[in-house]
Amino acid sequence: TRSAVFGHSWYYAFNLKAGTDFAAHPEWFALVNGERRPPQMCTTHPAVIDRMVEYVLAGKSEIMNISPSDGGGFCECERCRALDVPGMLAYDGKSPQLSDRIFTYANEVARRVLERHPDRGCGMFAYTFYNKPPLRIQKLEPNLYLSFVYQSAAFRDPENHADWKQSVAGWQALGASMVVREGW
């Protein structure tokens, strides 16, 4: 397996510190409570996907990060919500599980990168609101590398440990090239 470092990429890819992309293209950013706002992006917006493809292709690493920003505030637009599986909840038991929407975005970025630069990989977290395997995606692109985050303390609870093993099996069934790391 190739060496990879994973992280949250949108801070750099969309110039969040300077705020220039938000000022120029607020429609690229997450719609939350009726308003566009950073730090999350609208993952179904074509320009967001285009920007991430260019970000990966311009990068210096063999595997470039394409993961969302840390925390919540994910897009609530109709296109994004249409990708969510009804009734599937995230780890907090109240927010929607976003794996299908986030990995639809990640797969599309990886597919386009693969077409233009077959040796370049895309690194993606399986994390918080998108830590479970997506249900509507059959396979992950071969150049999409997954960093699966877990809590080691959860291994003390047999039910949590079984859930973790089931998630790993689900990601493997999608053909995921995986690294596993502990979350804090």
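Residues numbered from 1 in each chain as written. Predicted model: local features only at pLDDT ≥ 70, side-chain atom pairs only at ≥ 80, totals over all residues. Heavy atoms only, no water.

Trainee: Help me get a handle on the overall build of the chain, residues and values and all.
Mentor: Across its full length, the chain carries six helices and six strands. The secondary structure elements of the chain, listed N-terminal to C-terminal, are α-α-β-β-α-β-α-α-β-β-α-β. Taken along its principal axes, the extent of the C-alpha atoms in the chain is 50 × 40 × 30 Å. Sorting the 184 residues of the chain into buried and exposed places 44% on the buried side. (Helix = DSSP H or I, 4+ residues; strand = E, 2+ residues; numbered from the N terminus. Buried < 20%, exposed > 50% of the residue type's maximum accessible area, 1.4 Å probe, protein only.)

Trainee: So what's going on with the pairing of strand S5 (residues 144-150)? Residues and values would help.
Mentor: Counting buried positions along S5 yields six of seven residues, so the element is predominantly enclosed. Judged from the five bridges that link them, strand S4 (residues 121-126) and S5 form a sheet pairing that is parallel. By the bridge assignment, alanine 126 is partnered in S5 with phenylalanine 148. Looking at chain direction, S5 and strand S6 (residues 177-182) are connected through six bridges and run parallel. (Pairing = 2+ DSSP bridges.)

Trainee: Tell me what's going on with the packing of helix H3 (residues 46-58) against helix H5 (residues 99-116), and back it up with residues and numbers.
Mentor: Contact geometry of H3 with H5 gives a least axis separation of 9 Å together with a crossing angle of 50°. Relative to H5, H3 is oriented oblique. Considering only the axes of H3 and H5, their crossing is right-handed. Residues Ile49, Asp50, Met52, Val53, Glu54, Val56 and Leu57 of H3 lie in contact with H5, whose contacting residues are Tyr105, Glu108, Val109, Arg112, Val113 and Arg116. (Axes fitted to C-alpha atoms, helices over the stretch in contact; angles between N-to-C directions. Parallel < 35°, antiparallel > 145°, perpendicular 65-115°, else oblique. Left-handed = near helix turned anticlockwise from the far one by under 90°. Contact = heavy atoms within 4.5 Å.)

Trainee: With reference to specific residues and values, describe the packing of aromatic side chains.
Mentor: Under the criterion given, the structure shown has twelve aromatic pairs. A centroid spacing of 6.0 Å and a plane angle of 70° characterise the contact between phenylalanine 74 and phenylalanine 129, whose relative ring orientation is edge-to-face. Here phenylalanine 74 is found in the loop between strand S3 (63-65) and helix H4 (78-82), whereas its partner phenylalanine 129 is found in the loop between S4 and S5, with 55 residues between them in sequence. The pair phenylalanine 74 / phenylalanine 129 is uniform in exposure class, with both members buried. For the ring pair tyrosine 91 and phenylalanine 129, a centre distance of 5.4 Å and an interplane angle of 50° mean the geometry is tilted. (Phe/Tyr/Trp six-rings, centres within 6.5 Å; stacked < 30°, edge-to-face > 60°.)

Trainee: Give a detailed account of the side chain of asparagine 131, specifying residues and quantitative values.
Mentor: By the element assignment, asparagine 131 lies in the loop between S4 and S5. Since its relative accessible area comes to 18%, asparagine 131 is described here as buried. Once residues within four sequence positions are removed from consideration, asparagine 131 is found in contact with Gln97, Ser99, Ala126, Phe148 and Trp171.

Geometric descriptors of this kind do not, in isolation, establish any biological role.
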